[in-house]
Amino acid sequence: MGDLQNPSLVLKDILQFEFEDRPVPKLQDEHDVLIRVKFTGICGSDVHYWQRGRIGQFVLESPMVLGHESSGIVEKVGSKVASLKVGDHVALEPGVPCRRCNFCKGGKYNLCSDMAFAATPPYDGTLAKYYSLPEDLCYKLPHNVSLEEGAVVEPLSVAVHLVRQAEVQPGNSVVVFGAGPIGLLCCAVAKAFGAAKVISVDIQQNRLEFARKYAATSTFLPGKVSAAGNAARLREENALGEGADIVIDASGAEPSIQAGIHVLRAGGTFVQGGMGKEEINFPITAACTKELHVKGSFRYATGDYKLAIGLIASGKVDVKQLISETVQFQDAKRAFETVAAGSSIKMLIAGVQANLTEQVSTI
Ligand SMILES: NC(=O)C1=CN([C@@H]2O[C@H](COP(=O)(O)OP(=O)(O)OC[C@H]3O[C@@H](n4cnc5c(N)ncnc54)[C@H](O)[C@@H]3O)[C@@H](O)[C@H]2O)C=CC1
Ligand SMILES: O=C(CO)[C@@H](O)[C@H](O)CO
Ligand SMILES: [Zn+2]
């Protein structure tokens with residue numbers, strides 16, 4: 001068999017992956033660029049689609065290429081591309097908004113209802129040899145930021161957006177539920193924003209050990225007691241007085257959200273980032289009587305990617321430590337299984353290599 005054009009990892013249905021050859025994307029606009037994808041991280045959201053076929057209103061109804069945390073090298077540029085040239089190393093912002101609606105015009109393009117986002121049904125993702133995007137969504141990496149780090153810019157931008165939504169101020173106490181990549185990056189960004197206490201909460205002891213070494217000032221393993229009981233112990237063990245200033249949920253788990261509301265001080269801020277069950281029991285009276293600020297946080301918007309790259313380039317946030325393993329493209333399924341087994345932090349999948357094209361075709 002001759003060379004494949006664009007080998008891609010396709011989620012055909014729940015738990016069913018297949019490698020397929022897809023056409024190389026055509027540049028649709030003079031400002032588009034074609035990227036040779038070099039590294040792609042696996043996100044908790046990819047795992048949700050793989051295992052459950054949905055996140056909220058986004059439901060897998062036909063086969064979809066997974067992956068949206070990618071870096072790559074510019075392979076081809078449209079006739080009006082001025083900011084990039086062939087060979088540039090870039091981090092991909094993998095969602096194209098309509099650019100015309102009020103949200104887009106107001107800088108909150110993450111809320112655009114016409115967003116075409118990689119690996120969010122029905123749009124194909126980046127786990128392919130090639131991917132195409134408008135030039136302004138490809139961020140040139142500084143010389144001291146590697147392509148591996150470039151693939152982590154996407155989840156770091158999610159964390160930057162979460163911490164900005166939380167309005168973390170110097171001296172704040174911040175409790176982060178979930179010590180997966182998103183929660184860990186939230187800890188690191190909160191610290192970079194000057195938080196005095198950053199408490200990481202998870203049900204996996206190994207993740208807490210990692211969090212403590214990485215960016216958390218302390219950790220908390222919830223017990224088999226009520227959410228209010230866990231919140232009380234969390235407050236006590238961390239000398240939080242009347243409660244934490246800020247809670248970020250990066251777990252999507254109901255007990256975390258409940259404990260998060262209970263651990264906040266009056267007037268504190270709760271930001272939801274984790275996505276899991278669509279509906280949960282929520283301690284609404286505590287939120288009411290403490291006059292909490294309860295917000296959501298979805299992906300990223302104006303300035304988040306630039307700040308994320310700046311945090312890496314300046315050494316304020318180290319993303320290299322999060323990368324557990326990089327597997328070859330043809331081993332992508334194993335990478336998903338490793339993530340599901342909970343034995344890694346961030347798994348990267350290398351882009352299709354020239355000499356691997358034949359091998360992928362036989363899988
Ligand atoms: N809001 C947004 O824009 C985005 C949201 N996400 C979501 O954020 C979440 C986190 O993503 P990743 O870090 O990649 O996933 P992950 O699955 O690696 O991390 C989730 C962590 O939550 C922990 N957890 C589960 N139940 C818990 C409980 N009861 N208490 C405390 N911790 C608990 C797990 O042990 C795990 O370490 C996912 O739900 C993902 O879909 C991801 C990207 C963007
Ligand atoms: O994981 C992310 C972004 O990093 C989610 O927003 C998914 O795009 C939802 O489909
Ligand atoms: Zn993601």
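Residues numbered from 1 in each chain as written. Chains lettered and ligands numbered in written order. Predicted model: local features only at pLDDT ≥ 70, side-chain atom pairs only at ≥ 80, totals over all residues. Heavy atoms only, no water.

- Identification of the protein chain as D-xylulose reductase from Monascus purpureus is taken from an unreviewed UniProt entry.
- The Function (unreviewed entry) comment attached to the protein chain in UniProt states, word for word, "Xylitol dehydrogenase which catalyzes the conversion of xylitol to D-xylulose. Xylose is a major component of hemicelluloses such as xylan. Most fungi utilize D-xylose via three enzymatic reactions, xylose reductase (XR), xylitol dehydrogenase (XDH), and xylulokinase, to form xylulose 5-phosphate, which enters pentose phosphate pathway."
- On record in UniProt, under Catalytic activity (unreviewed entry), the comment for the protein chain is "xylitol + NAD(+) = D-xylulose + NADH + H(+)". (UniProt positions renumbered as here; feature names shortened; annotations may be inferred.)

**So, the overall build of the protein chain**
For step 1, the next point in the chain: Secondary structure assignment for the protein chain yields 12 helices and 20 strands.
For step 2, the next point in the chain: With the C-alpha coordinates of the protein chain rotated into their principal frame, the extents come out at 65 × 40 × 35 Å.
For step 3, the next point in the chain: Counting only residues that meet the buried cut, the protein chain has 55% of its 363 residues in that class.
For step 4, the next point in the chain: Put simply, of all contacts in the protein chain between residues at least 6 apart along the chain, 68% involve residues at least 24 apart.
For step 5, the next point in the chain: On the protein chain, roughly 15600 Å² of surface is accessible, and the fraction owed to carbon and sulfur atoms is 51%.
For step 6, the next point in the chain: Computed over 36 positive and 39 negative side-chain charges, the separation of the two mean positions in the protein chain equals 4 Å. (Helix = DSSP H or I, 4+ residues; strand = E, 2+ residues; numbered from the N terminus. Buried < 20%, exposed > 50% of the residue type's maximum accessible area, 1.4 Å probe, protein only. Contact = heavy atoms within 4.5 Å. Areas by Shrake-Rupley, 256 points an atom, 1.4 Å probe, with all protein chains shown as cover. Lys, Arg positive; Asp, Glu negative; His and termini not counted. Charge placed at Lys NZ, Arg CZ, Asp CG, Glu CD.)

**Structural notes on the site of ligand 1**
For step 1, the next point in the chain: The local shell around ligand 1 holds 26 residues, among which D202, R207, M275, S297 and R299 are the closest.
For step 2, the next point in the chain: Contacts to ligand 1 include S297, whose backbone N or O atom sits 2.8 Å from a nitrogen atom.
For step 3, the next point in the chain: Mapped by element, the contributors of at least two residues to the shell around ligand 1 are α1 (44-52), α5 (181-192) and α8 (254-263).
For step 4, the next point in the chain: The leading source of residues in the shell around ligand 1 is α1, at three residues.
For step 5, the next point in the chain: Grouping the amino acids of the shell around ligand 1 by side-chain chemistry returns 12 nonpolar, 11 polar and three charged. (Near = heavy atom within 4 Å. Polar contact = N/O pair within 3.5 Å; in protein donor to acceptor, adjacent residues only side chain to side chain. Nonpolar A, V, L, I, M, F, W, Y, C, P; charged D, E, K, R; others polar.)

**Some details on the coordination of the zinc ion (ligand 3)**
By definition of the ideal shapes, four donors in a tetrahedron about a metal sit 109.5 degrees apart, and six donors in an octahedron sit 90 or 180 degrees apart.
For step 1, the next point in the chain: Coordination of the zinc ion (ligand 3) by the protein involves C43 (SG) and H68 (NE2), with metal-donor separations of 2.1 to 2.4 Å.
For step 2, the next point in the chain: Every donor counted, the four donor atoms about the zinc ion (ligand 3) form angles of 74 to 154° at the centre, which fits irregular coordination. Here C43 is found in the loop between β3 (32-41) and α1, whereas its partner H68 is found in the loop between β6 (64-65) and β7 (69-77), with 25 residues between them in sequence. Like H68, C43 is buried. (Donors = N, O, S within 2.8 Å, 3.2 Å for Na, K, Ca; no water. Tetrahedral: all angles 85-135°; square planar, octahedral: opposite > 155°, others 65-115°.)

**Observations concerning the packing of aromatic side chains**
For step 1, the next point in the chain: A complete count under the given rule lists nine aromatic pairs for this structure.
For step 2, the next point in the chain: Connected via pairs of aromatic rings, a cluster forms that spans F117, Y139, Y300 and Y305.
For step 3, the next point in the chain: In this structure, R299 is placed above the aromatic ring of F117, and the distance from its NZ or CZ to the ring centre is 3.7 Å. (Phe/Tyr/Trp six-rings, centres within 6.5 Å; stacked < 30°, edge-to-face > 60°. Lys NZ or Arg CZ within 6 Å of the ring centre and 35° of its normal.)

**Observations regarding the side chain of E20**
For step 1, the next point in the chain: Along the chain, E20 falls in strand β2 (residues 16-21).
For step 2, the next point in the chain: Among the polar contacts made by the side chain of E20, one reaches the side chain of R22 at a distance of 3.0 Å.
For step 3, the next point in the chain: Beyond its immediate sequence surroundings of up to four residues, E20 is in contact with N6, P7, S8, V10 and K12.

**Remarks on the sheet that holds strand β1 (residues 7-13)**
For step 1, the next point in the chain: The three strands lie next to each other as β2-β1-β6, forming an open sheet whose pairing is antiparallel. In this open sheet, the two edge strands, each paired with only one partner strand, are β2 and β6.
For step 2, the next point in the chain: Pairing between β1 and β6: two bridges, direction antiparallel. Along β6, the bridge assignment pairs L11 with M64.
For step 3, the next point in the chain: Relative to the sheet, helix α11 (residues 332-341) contacts β1 and β2, its axis offset from that of β2 by approximately 155°. (Pairing = 2+ DSSP bridges. Axes fitted to C-alpha atoms, helices over the stretch in contact; angles between N-to-C directions.)

**A short note on the UniProt feature "domain: Enoyl reductase (ER)" (unreviewed entry) in the protein chain**
For step 1, the next point in the chain: UniProt records the feature "domain: Enoyl reductase (ER)" (unreviewed entry) at residues 12-349, using the numbering of this structure.
For step 2, the next point in the chain: Along residues 12-349, the helical share is 30% and the strand share 27%, with 19 Å between the first and last C-alpha atoms.

**Notes on the confidence of the model for the protein chain**
For step 1, the next point in the chain: Summary statistics for the protein chain give a mean pLDDT of 96 and a share of 97% for residues scoring 70 or more.
For step 2, the next point in the chain: Here helix α12 (residues 357-361) stands out as the element of the protein chain with the lowest mean pLDDT, 52, in contrast to strand β13 (residues 173-177), whose mean of 99 is the highest.
For step 3, the next point in the chain: The complex model carries a pTM of 0.97, and its ipTM stands at 0.99. (pLDDT = per-residue confidence, 0-100.)

**Digging into the site of ligand 2**
For step 1, the next point in the chain: In the region of ligand 2, the neighbouring residues are C43, S45, Y49, H68, F117, T120, E154, V158, M275, F298 and R299.
For step 2, the next point in the chain: Contact between ligand 2 and Y49: an oxygen atom at 2.6 Å from a side-chain N or O atom of the residue.
For step 3, the next point in the chain: The separation between an oxygen atom of ligand 2 and a polar side-chain atom of R299 is 2.9 Å.
For step 4, the next point in the chain: Within the complex, 96% of the 290 Å² of free accessible area of ligand 2 lies under protein.
For step 5, the next point in the chain: Of all the secondary-structure elements, those providing two or more residues to the shell around ligand 2 are α1 and α4 (153-166).
For step 6, the next point in the chain: Residue classes in the shell around ligand 2 are distributed as six nonpolar, three polar and two charged.

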